[in-house]
Amino acid sequence: YFDVALKDNKPFPISALLFKEKPPVKTLVPVVYIKNEVMLASTLDVKLLAQQMLHYIDQINTAHNIQIQEIQLDCDWTLKSRDAFFSLLQALKEERPLSYSCTIRLHQIKYPDKTGIPPVDYGVLMYYNMGEISSNSINSIYDRKIAQRYISSLTSYPLPLNIALPIFSWAVHIRQGKTINLITRLTEVQLAAAPESFAPHQKGQYLVLQNGLFFGRLFAKDDILKIEEIKAEQLSEMATDLKKYMKVRPQEILYYDLDSTTINNYEKEIFKTIPTII
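All figures in this text were calculated on a predicted structure; none of them were measured in a lab. (Residues numbered from 1 in each chain as written. Predicted model: local features only at pLDDT ≥ 70, side-chain atom pairs only at ≥ 80, totals over all residues. Heavy atoms only, no water.)

S.K.: Provide a residue-level description of the overall build of the protein, including the pertinent values.
M.R.: Counting secondary structure elements, the protein contains nine helices and 15 strands. Relative to its full complement of 278 residues, the protein shows a buried share of 45%. When contacts within the protein are restricted to residue pairs at least 6 apart in sequence, those whose partners lie at least 24 apart make up 69%. Carbon together with sulfur atoms contributes 51% to the accessible area of the protein, which is approximately 15200 Å² in total. Here the protein contributes 31 positively and 30 negatively charged side chains, and the mean placements of these two sets differ by 3 Å. (Helix = DSSP H or I, 4+ residues; strand = E, 2+ residues; numbered from the N terminus. Buried < 20%, exposed > 50% of the residue type's maximum accessible area, 1.4 Å probe, protein only. Contact = heavy atoms within 4.5 Å. Areas by Shrake-Rupley, 256 points an atom, 1.4 Å probe, with all protein chains shown as cover. Lys, Arg positive; Asp, Glu negative; His and termini not counted. Charge placed at Lys NZ, Arg CZ, Asp CG, Glu CD.)

S.K.: I'd like to hear about the sheet that holds strand E10 (residues 198-200), residue by residue, with values.
M.R.: Ordered in space as E9-E8-E14-E11-E10, the five strands form an open sheet in which the pairing is antiparallel. Edge strands, defined here as strands with exactly one partner in the open sheet, are strand E9 (178-184) and E10. Neighbour-to-neighbour, the strand axes of the sheet open up by a mean angle of 30 degrees, direction not taken into account. By the bridge criterion, six bridges tie strand E8 (residues 170-175) to E9 in an arrangement that is antiparallel. Paired with His173 across the bridge in E9 is Asn181. (Pairing = 2+ DSSP bridges. Axes fitted to C-alpha atoms, helices over the stretch in contact; angles between N-to-C directions.)

S.K.: Talk me through the sheet that holds strand E15 (residues 253-256); I want residue IDs and the actual numbers.
M.R.: With mixed pairing, eight strands are arranged side by side in an open sheet as E2-E1-E3-E4-E5-E6-E7-E15. Taken across any chain shown, the strands that pair with only one partner, and hence form the sheet edges, are strand E2 (10-14) and E15. Strand-to-strand twist in this sheet, taken as the mean axis angle between neighbours without regard to direction, amounts to 25 degrees. The sheet contact formed by strand E5 (residues 99-104) and strand E6 (residues 122-126) spans four bridges and is parallel. Looking across to E6, one finds that Cys102 is bridged to Gly123. The strands touched by helix H3 (residues 82-95) are strand E3 (31-34), strand E4 (70-74) and E5; relative to E4, the strand with the most contacts, the crossing angle is about 170 degrees. Of the strands in this sheet, E6 and strand E7 (161-166) are in contact with helix H8 (residues 232-245), which crosses E7 at around 155 degrees.

Printed below as a string of C-alpha cells:
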C-alpha cells in the first residue's frame, strides 16, 4: 500500500498505491514496507505510528470500498531495531484486532535466538536476495549453496511460514571491475536481441560494444552487464529444497514480483507446478 520513511526525523508515508478501480479479487492484504531507519529513530512513538498507519490504510480502503482481514509488514529489522519493530507489531494488534503477518529473512530463520520471533500470526519467508550485489559470479538474487546454509533451520522455526519466491531480474552494471548501478527488469533476452550493442562475454554477462543510451541508461564502451535472473528450473529447485525442511506445508506461495511484465517471462504452467512440489 505504501512505504514508511523518515522525513524531518518523523515517520512519513511515501510511494502510496493508487488504484484505478477496485481490485477484482476476493482477498486483499495490504503490505506496508517500513524502512529500518524509521525503527531506529530516537523519537519514534510506536503507538502513534501504529495509529497513523491504520488511518492511512483506512483512507485507501474507504476510497475503494475495500474490506480487509489482515495487514502485512515488510521490514529488514536488525538487532538494533528488533525491539522497536516488535513493539510496533504489538501496538497494531492492540489498536486493531486483525490478522498480522510480516516478512522473514533467511538469517532470521537460522538465528531466532538473536533476531527474535516477531509477534505475528505467520511469517513470509523471502527466499531471495541471498548475496551481495557485486561483479563476481554469484547470483545475488538466488544461490543454492548459500540457501542451503540456512534452510535446515526451518525444521525448528516456531512460526508458520508462507514462501515468497523470486521471478524478477536485474542487471549489475559494471565498469572497470566496479559495480556502478543496478538496472531492474533487464533480461538476457533483451540484451541478446541487440547484438549491435551487446555481445556475450562470460556466462550471464554481456559486453557493451559502444557508447550510448540504452534502456534509459548511459553506457560506456567495454562496460559489463551481469544479468541476474531466475529460471523456471531454479524455482522448481527452490521448492524441492524447501519441502525437505518445512515443518508444515505453506498455505500460500507468493511470486515477487508478479505483474504484467514478469509473468510473461515464464510458461504459465510453472505457477501451477511449484505449489504441488512444496
